[in-house]
Amino acid sequence: MSRLEAKKPPLFISEPLTRDAVSQSLSLLSGILKSSYGPAGRLKQLHNGVGGCVCTTSQSSALLGHLSLSQPVLRVLTASVRNHVSRFSDCGLFTAILCCGFIENFRGLNVAPFTVIKISKHLLSLCMDHLKSEACGCRVSVDFSSVETLVCLVRSILTSKPACMLNKTEVDHLTSLVLKAFIFTVPCHVETNAVLGKCVVIPVKGGRVVDSTVLPGLLIEAPEMQLGKPLAVKRTGSNVIKTALFSVSMSGDGSNPEEGTLAVHHGVSLEVSELNQLLNVGKQLVQEEVGLVVCQKVMHPSLKQFLKEQGVVAVDRVGLSLMEPLGRVTGNRPPIASIHLLPPGCFGSLKDLCVESFVSKHFLHLIPGDTVICSLILCNRSETAWDELKRVCETAEHVLQLTVKEPLALLGGGCTETHLASFIRHKSSSLPASTFRDLGCSQTQYRLVAEGFCRSLESVARSLSHDGEEVLTDVVYGHCWFVPPGSPCVSRWSDLVSKCSCGVSGGTEGLSWSCLQGQSGSPVLQGCPQEPSVKLADLRVLDCFAAKCSGLQVALETANLILDLSYIIEDQN
């Protein structure tokens, strides 16, 4: 068949970063991300324009997941940030804003992209070495024998997303719940290859946040269960509840293509045969003294009724997402995948089983003897606030898990960014001439790129200001300070500020400040930024060490990739 239209040649776009359309799109994306950043970030409403749900958020995972981008450059940037978030859950906006800052500050330099990339990689290595050194003034050790640092870390995450609409009482309540849930997931008996457990978030929309709670074990929604009525469940001779977990459909409709082709003789009813097989399985389960049967898919009503009459609790339609935690709670791993064969050792066990009720929902509570699975019953007033809160609590749990592997945190509130900028300015002013020879650049080129690097870091700190606050950095510690909007004109900044943004630098005596609003940057320090004495009680904001270090690396690597683009080739057909 001949073509109705001649095939079009591909579209070649040379030097995409010099195009106005790309520059405008990048600037617009950067503005959206910056205005969403931090506890005072502005919310965004995202919808597809043809109906469907509306997402109200300031979280990077939701923002970047709902944005429809046409520019290939922006798609590369957002894909890189989303990949970072999928691995670390935190610092998505930091990574995206920093990446945009690198691109904006580097592309205007009169330095070849290849040279910019080499110098920026060297600057990144200086930052990473500093962050991993004991002398780093923005690093905090996390002591798991004390909860102060952990509380600050979790509270910082919960308060960073205004769409959760939490007051102080609710933040304190959820902070304690998240920490309690995390402790439940830590194994009591440490082995060589200890594996952390899982916290399953149970939605209860419409309730009060302070009604949220955490329970060991697993909750399964069971509307047919009646609260207050004794749960008659079959137990074994050792007083445990034997369990069977099925991943196959038990509806009796014969729709299990994975089990092969069925040959049905004339006059034989497939439905009756399937039901008889299901009832035979039920009889076998009763003989094995099973007290709880859970099915991922649908269970035939006749089978459920038979099991109920025999004192066996049957629950179906639990869904794929609960199968892994169910297996860990009961010990049914792997789940039973056929109704024609019950392999030996396929059963698990529970210590107890009861019915719980929250707001208007009834749940079956599976209580194991020893487990690293727990259930966080999460309540919030509206669906929008609940969706945001769920993402935040999952992020907090993941950050705590990352902190177990690397028990460190970084000062938040923009102080790490301004500290690193001060450190790089000091370091770049005292490098030996051999460094420039090794990099194949001049000292002037190096300092130009270093200044762009520092301004990009400081732009992240400035993004925390949404109400006209003046943003300062001190020349001793390199920390970030905010002057409240509408403050009177005074001759000394020390009359207007009392603590830096992270809370560590409290004294203003002997300090001087520089304003970050301009493009000239901060003055070079007389020496390396000093390390303030960190008192846990003074800490206001902490960031995840692993997530922020990764975000810094991802931001620069992505920016360098985009800066190195010479052509974009688009298929027009």
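So, here is what we can say about the structure in this document. (Residues numbered from 1 in each chain as written. Predicted model: local features only at pLDDT ≥ 70, side-chain atom pairs only at ≥ 80, totals over all residues. Heavy atoms only, no water.)

## Overview of the layout of surface pockets
Rolled over the atoms, a probe with the dimensions of a water molecule shows which regions are left empty.
Item 1. Taken as a whole, the largest pocket holds about 960 Å³ of empty space.
Item 2. Forming the boundary of the largest pocket are 41 residues, of which G38, S156, S160, K161 and D543 lie nearest the centre.
Item 3. Among the elements of the structure, α2 (60-66), α3 (72-88), α4 (92-107), α6 (148-158), α11 (383-405), α14 (443-462) and β19 (542-544) are those that each provide at least two residues to the lining of the largest pocket.
Item 4. No other element matches α11, which puts five residues into the lining of the largest pocket.
Item 5. When the residues that make up the lining of the largest pocket are grouped by side-chain class, the tally is 15 nonpolar, 16 polar and ten charged.
Item 6. Composition of the lining of the largest pocket by domain shows at least three residues from each of domain 1 (12-138 + 411-465 + 538-570) and domain 2 (143-188 + 195-217 + 377-406). (1 Å grid on protein atoms, 1.4 Å probe; cavity = no way out; pocket = protein on both sides within 12 Å on 5 of 7 lines; lining within 4 Å. Points joined across faces, edges and corners; volume = space filled by probe spheres on them. Helix = DSSP H or I, 4+ residues; strand = E, 2+ residues; numbered from the N terminus. Nonpolar A, V, L, I, M, F, W, Y, C, P; charged D, E, K, R; others polar. Domains from an automatic or database assignment.)

## A look at helix α15 (residues 545-563)
Item 1. Taking 1.5 Å of rise per residue, 19 residues should cover 27 Å, and α15 covers 27 Å from first to last C-alpha, within 8% of that figure.
Item 2. Most of α15 sits inside the fold, with 16 of its 19 residues counted as buried. (Expected span 1.5 Å × (residues − 1). Buried < 20%, exposed > 50% of the residue type's maximum accessible area, 1.4 Å probe, protein only.)

## Thoughts on the sheet that holds strand β8 (residues 241-246)
Item 1. Strand order in the open sheet formed by four strands is β10-β9-β8-β11, with mixed pairing between adjacent strands. The sheet terminates laterally at β10 (313-315) and β11 (348-350), the two strands that pair on one side only. Neighbour-to-neighbour, the strand axes of this sheet turn through a mean angle of 25 degrees, independent of strand direction.
Item 2. The pairing of β8 with β11 spans three bridges and is antiparallel. Following the sheet pairing, T243 is matched in β11 by G348. (Pairing = 2+ DSSP bridges. Axes fitted to C-alpha atoms, helices over the stretch in contact; angles between N-to-C directions.)

## Remarks on the nonpolar core
Item 1. In this structure, L131 and Y446 are the most contacted members of the largest nonpolar core, which totals 121 residues.
Item 2. Looking at this core, you find at least three residues from each of domain 1 (12-138 + 411-465 + 538-570) and domain 2 (143-188 + 195-217 + 377-406).
Item 3. In contact with L131, not counting residues within four places along its chain, are C136, C138, R139, L410, L420, F545, C549 and L552.
Item 4. A222, V233, V294 and L364 belong to the second-largest nonpolar core, a separate cluster that totals 31 residues. (Core = buried A, V, L, I, M, F, W, Y, C linked by side-chain atoms within 4.5 Å. Contact = heavy atoms within 4.5 Å.)

## Description of the side chain of H130
Item 1. Within the element layout of this structure, H130 appears in helix α5 (residues 113-131).
Item 2. At a separation of 3.0 Å, a polar atom in the side chain of H130 contacts the side chain of H419.
Item 3. When residues no more than four places from it in sequence are discounted, the contact partners of H130 are A135, C136, G137, H419, L420 and F423. (Polar contact = N/O pair within 3.5 Å; in protein donor to acceptor, adjacent residues only side chain to side chain.)

## So, the packing of α6 against helix α7 (residues 168-184)
Item 1. One way to put it is that α6 packs onto α7 with a least axis distance of 9 Å and a crossing angle of 120 degrees. Classified by the interaxial angle, the pair formed by α6 and α7 is oblique. Crossing of α6 over α7 shows right-handed handedness. Contacts between α6 and α7 pair L150, V151, V154, R155 and L158 from the former with V171, D172, L174, T175, V178 and L179 from the latter.
Item 2. Each residue belonging to the contact of α6 with α7 can be placed in one class, and the counts come to eight nonpolar, one polar and two charged. (Parallel < 35°, antiparallel > 145°, perpendicular 65-115°, else oblique. Left-handed = near helix turned anticlockwise from the far one by under 90°.)

## What about the packing of aromatic side chains?
Item 1. In this structure the tally under the stated criterion is four aromatic pairs.
Item 2. Both rings, one in F102 and one in F453, keep their centres 5.1 Å apart while their planes meet at 35 degrees; by these two values the pair is tilted. With F102 in helix α4 and F453 in helix α14, this pair connects stretches of sequence that are 351 residues apart.
Item 3. Looking at F453, the relative accessible area reads 0%, which means it is buried.
Item 4. Residues F436 and Y446 carry aromatic rings whose centres are separated by 5.4 Å and whose planes lie at 65 degrees to one another, so their mutual orientation is edge-to-face. Residue F436 is located in helix α13 (residues 433-439), and its partner Y446 is located in helix α14; the two are separated by ten residues in the primary sequence.
Item 5. Lying over the aromatic face of F94, K548 brings its terminal NZ or CZ to 4.8 Å of the ring centre. (Phe/Tyr/Trp six-rings, centres within 6.5 Å; stacked < 30°, edge-to-face > 60°. Lys NZ or Arg CZ within 6 Å of the ring centre and 35° of its normal.)

Function cannot be inferred from these measures alone, as they are strictly geometric.
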